[in-house]
Amino acid sequence: MTESIDKSKRKQFGNRFLKTDDDVFKHNAWDNVEWDEAQETEALSQVGVHMKSKMPSEKAADLENHADEYWNKFYSVHQEKFFKNRCWLFTEFPEITSLKNEKSSSILEVGCGVGNSVFPILSHCVDNNVHVYCCDFSSNAIKILKENSEYNEEHCTAFVCDITNDEWNPPFALESLDVILLVFVLSAIQPEKLKHVIGKFYQYLKPGGMVLFRDYGRYDMAQLRFKEGRCISENYYSRGDGTLVYFFTQDDVQKLFLEAGFEQVQNVVDRRMQVNRGKQLKMYRVWIQCKYKKPIL
């Protein structure tokens, strides 16, 4: 389990550190919380149980083959109410707001959903010469996003795209993007298709362009809570609503991007304890945050 632990302290993740267990319920969250040996052992044991009760391959294949239908159902039910706007993006990824006025710049958010990253970005970049492209697998999500009063085609272009396809047919050219934003999106893709997808990112980024990545880490609370029969393969699951999720290690992400030709700028673990003070519950979250750059040759 050591591969998913980063000992360094990252100011971006906050600076509230738990120094004594007596303080645990004084705040709603604590940063860079280290796991003890008993927690690590329990996590490994739980994932082992998942692997012993895997989903039948026929059911898993059906979920993968109809993944767009499950995401469409998700957005039909939840509309724009499920996720909060991601205003934390600008602390973690200052590259977004550092794009300058001197020349036009382009950002692509992949897996944009109903715009919880897009609209904060548009608001922050309102005075900059930045165009935001955004795509999602779900046609329902894109429809809801375009119906938002903040959607402005002069500054934003939303489109439906299955990024696992060989051809994207996007509204931008090869080597035209300055930033590609990936927030909890690659985890929804079949692991064996990730190499192809990251290769496509490389093709569309300008030399010197950046990929900004944040996603689920191995042994996150969401993984350990899965019940029997939800595991498709190692660290890859189906939620109750039929949507899929993979849990990464730092090594997973590093291997995928370096093999595609990227340079690593950041690869860290955000290990956080969230607290329900009313119920006296401790919840351990694990996220991977990375930045990869397309080299200037």
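Keep in mind that what you see is a predicted model, and the values were worked out from it rather than measured. (Residues numbered from 1 in each chain as written. Predicted model: local features only at pLDDT ≥ 70, side-chain atom pairs only at ≥ 80, totals over all residues. Heavy atoms only, no water.)

### Quick word on the pattern of salt bridges
Note the threshold: By salt bridge we mean one thing: a side-chain nitrogen of Lys or Arg within 4 Å of a carboxyl oxygen of Asp or Glu. Labels follow the DSSP assignment, with helices taken as runs of H or I lasting at least four residues and strands as runs of E lasting at least two, numbered in each case from the N terminus. Only protein chains enter the accessibility calculation, which uses a 1.4 Å probe; a residue whose area is less than 20% of its type maximum is buried, one above 50% is exposed, and one in between is partly exposed.
Within this structure, the stated rule accounts for 8 salt bridges. With a closest N to O distance of 2.6 Å, R214 and D270 form a salt bridge. Of this pair, R214 sits in strand β6 (residues 205–216) while D270 sits in strand β10 (residues 263–276); the two residues are 56 residues apart in sequence, bridging distant segments of the chain. The same class applies to R214 as to D270, namely buried. Between D252 and R218 there is a salt bridge whose closest N-O contact spans 2.8 Å. Of this pair, D252 sits in helix α9 (residues 250–259) while R218 is found in the loop between β6 and α8 (221–224), placing the two residues 34 residues apart along the sequence. When its relative accessible area of 23% is taken as the criterion, D252 is described as partly exposed. On the basis of relative accessible area, R218 is assigned to the buried category, the value being 7%.

### Side note on the packing of helix α3 (residues 67–78) against helix α6 (residues 139–147)
For clarity, the threshold we go by: Each axis is a line fitted through C-alpha atoms, and for a helix only the stretch in contact is used; angles between axes span 0 to 180 degrees, taken between their N-to-C directions. Contacts were defined at the residue level, with two residues in contact if any of their heavy atoms lie within 4.5 Å. In this classification, Asp, Glu, Lys and Arg are treated as charged, Ala, Val, Leu, Ile, Met, Phe, Trp, Tyr, Cys and Pro as nonpolar, and every other residue, Gly included, as polar.
Orientation of α3 relative to α6, taken along the N-to-C sense of each, is 35°, at an axis distance of 7 Å. Contacts between α3 and α6 pair N72, Y75 and S76 from the former with S139, N140, A141 and I144 from the latter. Considering only residue class, the contact of α3 with α6 consists of 3 nonpolar, 4 polar and no charged.

### Quick look at the nonpolar core
Rules: In this text, buried Ala, Val, Leu, Ile, Met, Phe, Trp, Tyr and Cys residues form a nonpolar core when linked through side-chain atoms within 4.5 Å.
Core analysis: the biggest nonpolar cluster contains 41 residues, and L108, L182, L186, F201 and F257 have the highest contact counts within it. At 5 residues, helix α7 (residues 194–204) tops the list of elements feeding residues into this core. Contact partners of F201, with chain neighbours within four places excluded, come to V110, I163, W168, I180, L182, L186 and F262. I142, A158, V183 and M210 belong to the second-largest nonpolar core, a separate cluster that totals 25 residues.

### Here we look at the packing of aromatic side chains
The criterion, for reference: Any two rings among Phe, Tyr and Trp, with Trp reduced to its six-membered ring, count as a pair given centres within 6.5 Å; such a pair is stacked if its planes are under 30 degrees apart, edge-to-face if over 60, and tilted if neither.
Under the defined criterion, the tally for this structure stands at 19 aromatic pairs. Taking 5.0 Å as the distance between ring centres and 80° as the angle between the ring planes, the aromatic pair formed by Y246 and F248 counts as edge-to-face. Here the two residues Y246 and F248 agree in accessibility, since each one is buried. Summarising the aromatic geometry, the rings of F257 and Y292 are spaced 4.6 Å apart at their centres and angled 10° between planes, so their arrangement reads as stacked. Of this pair, F257 sits in helix α9 while Y292 is found in strand β11 (residues 281–293), placing the two residues 35 residues apart along the sequence. Of the two residues, F257 and Y292, both sit in the buried class. An aromatic cluster is built from Y202, F213, Y246, F248, F257, F262 and Y292, whose rings are joined through pairwise contacts.

### Remarks on the state of the cysteines
Note the following rule: Note that a disulfide, as used here, is simply two cysteine sulfur atoms within 2.5 Å.
Counted according to the given criterion, the structure contains 0 disulfides. Cysteine C135 shares no disulfide, and the gap to the nearest cysteine sulfur, in C161, comes to 4.9 Å. The buried category is assigned to C135, whose relative accessible area is 1%.

### Notes on the confidence of the model for the protein
Keep this limit in mind: As a per-residue measure, pLDDT reflects the predictor's confidence and takes values from 0 up to 100.
Of the residues in the protein, 81% have a pLDDT of 70 or more, and the chain-wide mean is 85. Considering only residues more than four positions removed or in separate chains, one finds that residues 1–11, a stretch of pLDDT under 50, has 31 contacts.

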